[in-house]
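Observations on chain architecture
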Amino acid sequence: MRIIQTDLLCLGAGLAGERVAIEAADNGFSAICLSIVPARRSHSSAAQGGMQAALGNSAMGEGDSPDVHFADTVKGSDWGCDQEVARLFVDAAPVAMRQMAFWGVPWNRVVPGEQTYYKGGKPFTAVEKAENEGLIHSRNFGGTAKWRTCYTSDGTGHCVLYTLDNRAAQMGVNVVDKVEAIALIHDGDTCMGAIARCLKTGELTAYLARATLVATGGFGRIYRESTNAVICDGGGLITALDTGVVSLGNMEAVQFHPTGIVPTDILVTEGCRGDGGTLLDKNEYRFMPDYEPEKAELASRDVVSRRMTEHMRKGLGVPSPYGDHLWLDIRHLGEQHIRTKLREVDEICQSFLGVDPVHQLIPVRPTQHYSMGGVRTNKDGAAYGLKGLFAAGEASCWDMHGFNRLGGNSLAETVVAGMIVGGKIVEFLKGSETTFSTAAVRDAMARQTARIADLVACKNGSENPYTVRNAMFDSIMQGAGIFRNGADLEKCVGELQEILGRARKVGLRSNGKGANPELTMALKIEGMVKLALCVAYGALQRTESRGAHTREDFPARNDRDWLKRTLATWDEGADLPTLNYEPATGIFEMPPGDRGYGGGQIIPMEGK
Ligand SMILES: Cc1cc2nc3c(=O)[nH]c(=O)nc-3n(C[C@H](O)[C@H](O)[C@H](O)COP(=O)(O)OP(=O)(O)OC[C@H]3O[C@@H](n4cnc5c(N)ncnc54)[C@H](O)[C@@H]3O)c2cc1C
């Protein structure tokens, strides 16, 4: 058996995984990051828009502070977040942005003098102060009171990830790609690392670690229409759920982004609307101000996505062979602005749609985009249920996002959580020793070896893993999308249970154990369907509407009964998750109130 030992094992080499690994390496611990793809191809590199931090350097950010950022974050979360975590985050975000600058991120900077910006489709001028020349600039992003989104043109994720990957290399972090974690090694009490499969040779390796971090990103690929990369299939969450003791938090909290392009579902950044892009219907009428007079296109993502869907349901969408869509109009921003500040949007539209956004409208529809749910952790990033297991980034439910994360808050979360959770992991590594159990390692390895042999031999059946996946897509797209209701969710849960039965009977047509995509899919399809069930069953039980979770049969946000977080675990052999609940937040720095957009009724907390 191939065994590799390290202090810290990060499942994932995106921004969160690498940032945590750097913290450990900086403190003298050995760190390994595993990744399906080369680190720089992690999904973080696709983020165009930017990262939120209250620096207050720009004219439109003047007067900003962590307090204002905190209020935006809590309102955005529809009071579903852990307010202590949101506070930790907003206070540390400015430090993290400056640290990124120190490490080499080429942030766009303030240029003094009169500048033209856009809001609500209209240009206006603002004067940038001479004394702020060269400080980190910021742009407008959905749902914020001040402009605080730091950016590097429209390639923020790309620049920050490259910078962190360089830093990780400098610090001696061992980043291993084309390796996929398929199970955690544990004894029901302590996590001791993971079993990982080489995607080139098929060889299994036991990575033994004193601390293990799940940083595998979102699980958007359980939906057919998603802006997520194909590697965002929830691999780390599946390994956590399979332990039977680790909880996943708020899996029903799934964000849809208003502007996925049709039909490829590639995202065009929120920066388009932030910079003044408008949404038009089939009559080329700008409809958002009718629904949201105050914020219009800049209301939070859950609100804009819902309003778009509502508008299309009225028959005002643009018919297309791929279903109805709406238009995003950025033409009025002008050629200079689009070709420079929205360069990537320009390229995406030209390459994938044959549309020139300087002169033409862009077809868009709301598309699955972000997973607020994930491995539930405490404020130190430690997972519930297993000592030595941590989570950070989109794979986690650290929970500063509640039921809707703000644009720009998740990239920032990766590096801020990376810094904070990384620090806590360092304390953990300094303060405790792990005893590795040879029985746990041997059992984990034997189990995975047997699973692969069974799949290759079609021992449990010969269901096609891709057919099963497509059935899951149909079910979840239909039952657990933007608008949800009891009847559809019940149907969806029933269908997914049946699909889970089929996922347990998959077998291979191909027989290679090495570079074999069919085997890779077969190994994770049961877990993906389980994640889909956590979403749909959690959504069925949550009889209220909060943030991105909208129940047509329970339209009010119910602070009396549902100011709580769903915790899902999975017992071996079960065909549904076990759901438990905990209070959404231990501390109310900001008591529940109106978000100021989106409308909707609120059932107040008892005693309010
Ligand atoms: C198109 C798009 C644009 C976005 N733009 C913005 C934005 O402008 N601002 C913002 O704040 N947020 C944005 N987001 C969200 C943000 O990019 C992500 O939340 C964030 O980058 C996630 O980082 P991460 O490190 O948690 O995960 P990722 O960057 O997704 O990294 C996950 C890592 O885990 C690895 N991995 C996965 N499964 C396994 C496994 N089983 N074993 C081993 N390794 C595994 C992958 O190879 C990868 O290295 C955007 C998201 C999308 C989809």
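Residues numbered from 1 in each chain as written. Predicted model: local features only at pLDDT ≥ 70, side-chain atom pairs only at ≥ 80, totals over all residues. Heavy atoms only, no water.

Some words on the overall build of the protein chain
Check the secondary structure of the protein chain and you find 15 helices and 24 strands. The globule rule puts the C-alpha radius of gyration for 608 residues at 25 Å, and the 23 Å found for the protein chain is close to it. Here the C-alpha coordinates of the protein chain stretch approximately 65 × 55 × 55 Å along the principal axes. Counting all 608 residues of the protein chain, 62% fall into the buried class. (Helix = DSSP H or I, 4+ residues; strand = E, 2+ residues; numbered from the N terminus. Rg over C-alpha atoms; globule rule 2.2 N^0.38 Å. Buried < 20%, exposed > 50% of the residue type's maximum accessible area, 1.4 Å probe, protein only.)

Topic: the site of the ligand
Around the ligand, a shell composed of 39 residues is seen, among which Ser-42, His-43, Ser-44, Glu-394 and Leu-411 lie nearest. In the environment of the ligand, an oxygen atom lies 2.5 Å from a nitrogen or oxygen atom belonging to the side chain of Ser-44. The fraction of the free accessible surface of the ligand (1,000 Å²) that becomes covered by protein chains is 98%. Residue contributions to the shell around the ligand peak at four residues, all from helix H11 (residues 409-431). The residue inventory of the shell around the ligand, partitioned by class, reads 16 nonpolar, 20 polar and three charged. (Near = heavy atom within 4 Å. Polar contact = N/O pair within 3.5 Å; in protein donor to acceptor, adjacent residues only side chain to side chain. Areas by Shrake-Rupley, 256 points an atom, 1.4 Å probe, with all protein chains shown as cover. Nonpolar A, V, L, I, M, F, W, Y, C, P; charged D, E, K, R; others polar.)

Some remarks on the side chain of Thr-269
Within the secondary structure layout, Thr-269 lies in the loop between strand E12 (254-261) and helix H6 (271-274). For Thr-269, a relative accessible area of 2% translates into the label buried. The contact partners of Thr-269, leaving out residues within four places of it in the chain, are Gln-48, Gly-49, Phe-141, Thr-259, Leu-342 and Val-345. (Contact = heavy atoms within 4.5 Å.)

Details of the sheet that holds strand E18 (residues 396-397)
In space, the five strands of this open sheet follow the order E18-E16-E11-E22-E23, with mixed pairing throughout. Unpaired on one side and paired on the other, E18 and strand E23 (578-583) mark the two borders of the sheet. Against the sheet, helix H15 (residues 517-541) engages strand E11 (248-249), strand E22 (564-569) and E23, with an angle of about 60° to E23. (Pairing = 2+ DSSP bridges. Axes fitted to C-alpha atoms, helices over the stretch in contact; angles between N-to-C directions.)

Quick notes on the nonpolar core
Counting 81 residues, the largest nonpolar core has Ile-185, Ile-195, Ile-222, Val-375, Met-472, Leu-496 and Val-535 as its most contacted members. Considering each element in turn, this core owes the most residues, 16 residues, to H15. Setting aside anything within four residues of it in sequence, one finds Leu-496 in contact with Met-472, Ser-475, Val-529, Ala-532, Leu-533 and Ala-536. Val-20, Cys-150, Trp-398 and Val-416 belong to the second-largest nonpolar core, a separate cluster that totals 62 residues. (Core = buried A, V, L, I, M, F, W, Y, C linked by side-chain atoms within 4.5 Å.)

Quick word on the state of the cysteines
Taken as a whole and assessed by the stated rule, the structure comprises zero disulfides. In this structure Cys-232 is not part of a disulfide, and its nearest cysteine sulfur, from Cys-33, lies 16 Å away. Of all cysteine sulfurs, the one in Cys-492 lies closest to Cys-534, which takes part in no disulfide; the gap is 12 Å. According to the relative accessible area criterion, Cys-534 is buried, its value standing at 2%. (Disulfide = S-S within 2.5 Å.)

Brief notes about helix H5 (residues 235-242)
Count 3.6 residues to each turn of an α-helix, and residues three or four apart come out pointing the same way. Of all the eight residues making up H5, seven are buried; the element is thus mostly covered by neighbouring parts of the structure. Three or more residues of H5 are buried, namely Gly-235, Gly-236, Leu-237, Ile-238, Thr-239, Ala-240 and Leu-241. Residue Gly-244 follows H5 closely and has a positive phi angle near 80°.

Quick look at the pattern of salt bridges
One pass over the full model with this rule turns up 49 salt bridges. Linking Glu-62 and Lys-129 is a salt bridge whose minimum nitrogen-to-oxygen distance equals 3.3 Å. Of the two residues, Glu-62 sits in the loop between strand E3 (51-52) and helix H2 (66-76) while Lys-129 sits in the loop between strand E5 (122-128) and strand E6 (149-150), which places them 67 residues apart along the sequence. Looking at Glu-62, the relative accessible area reads 41%, which means it is partly exposed. Taking the shortest distance from any N to any O, the salt bridge between Glu-582 and Arg-376 comes out at 2.7 Å. Highlighted residues: Glu-582 in strand E23 and Arg-376 in strand E16 (residues 374-376), separated in sequence by 206 residues. Each of the two residues, Glu-582 as well as Arg-376, counts as buried. Taken together, the salt bridges that share partners define one network made up of Asp-78, Glu-252, Asp-302, Arg-306, Arg-542, Glu-544, Arg-546, Arg-557, Asp-559 and Arg-595. (Salt bridge = Lys/Arg side-chain N within 4 Å of Asp/Glu carboxyl O.)

Observations regarding the sheet that holds strand E13 (residues 278-280)
With respect to topology, four strands assemble into an open sheet ordered E12-E15-E14-E13, the strand pairing being antiparallel. The two strands at the open ends of the sheet, each matched to only one other strand, are E12 and E13. Along the sheet, successive strands turn relative to each other by an average axial angle of 45°, direction set aside. Here strand E14 (residues 326-329) runs beside strand E15 (residues 362-371); their pairing, made up of three bridges, is antiparallel. Across the sheet, Leu-326 pairs through a bridge with Val-364, a residue of E15.

Overview of the domain arrangement of the protein chain
Each assigned domain of the protein chain is listed with its residue range as follows: domain 1 (258-366) and domain 2 (438-583). Computed over C-alpha atoms only, the centres of domain 1 and domain 2 are separated by 32 Å. Counting residues at the interface gives seven residues for domain 1, matched by six residues for domain 2. Of the roughly 520 Å² buried between domain 1 and domain 2, counting both surfaces, carbon and sulfur atoms make up 64%. In terms of surface lost to domain 2, no three residues of domain 1 exceed Asp-302, Arg-306 and Arg-313, which account for 74% of the buried area on that side. Summed over the shared surface of domain 1 and domain 2, the number is one salt bridge. Between Arg-313 and Glu-552 there is a salt bridge; the shortest N-O distance is 2.9 Å. At the junction of domain 1 with domain 2, the criterion picks out three residue pairs in polar contact (both at pLDDT 80 or more). With six residues, the top contributor of residues to the side of domain 1 that touches domain 2 is helix H8 (residues 301-316). Along the lines of polarity and charge, the residues of the side of domain 1 that touches domain 2 split into one nonpolar, two polar and four charged. (Domains from an automatic or database assignment. Buried area = accessible area lost by both parts, 1.4 Å probe.)

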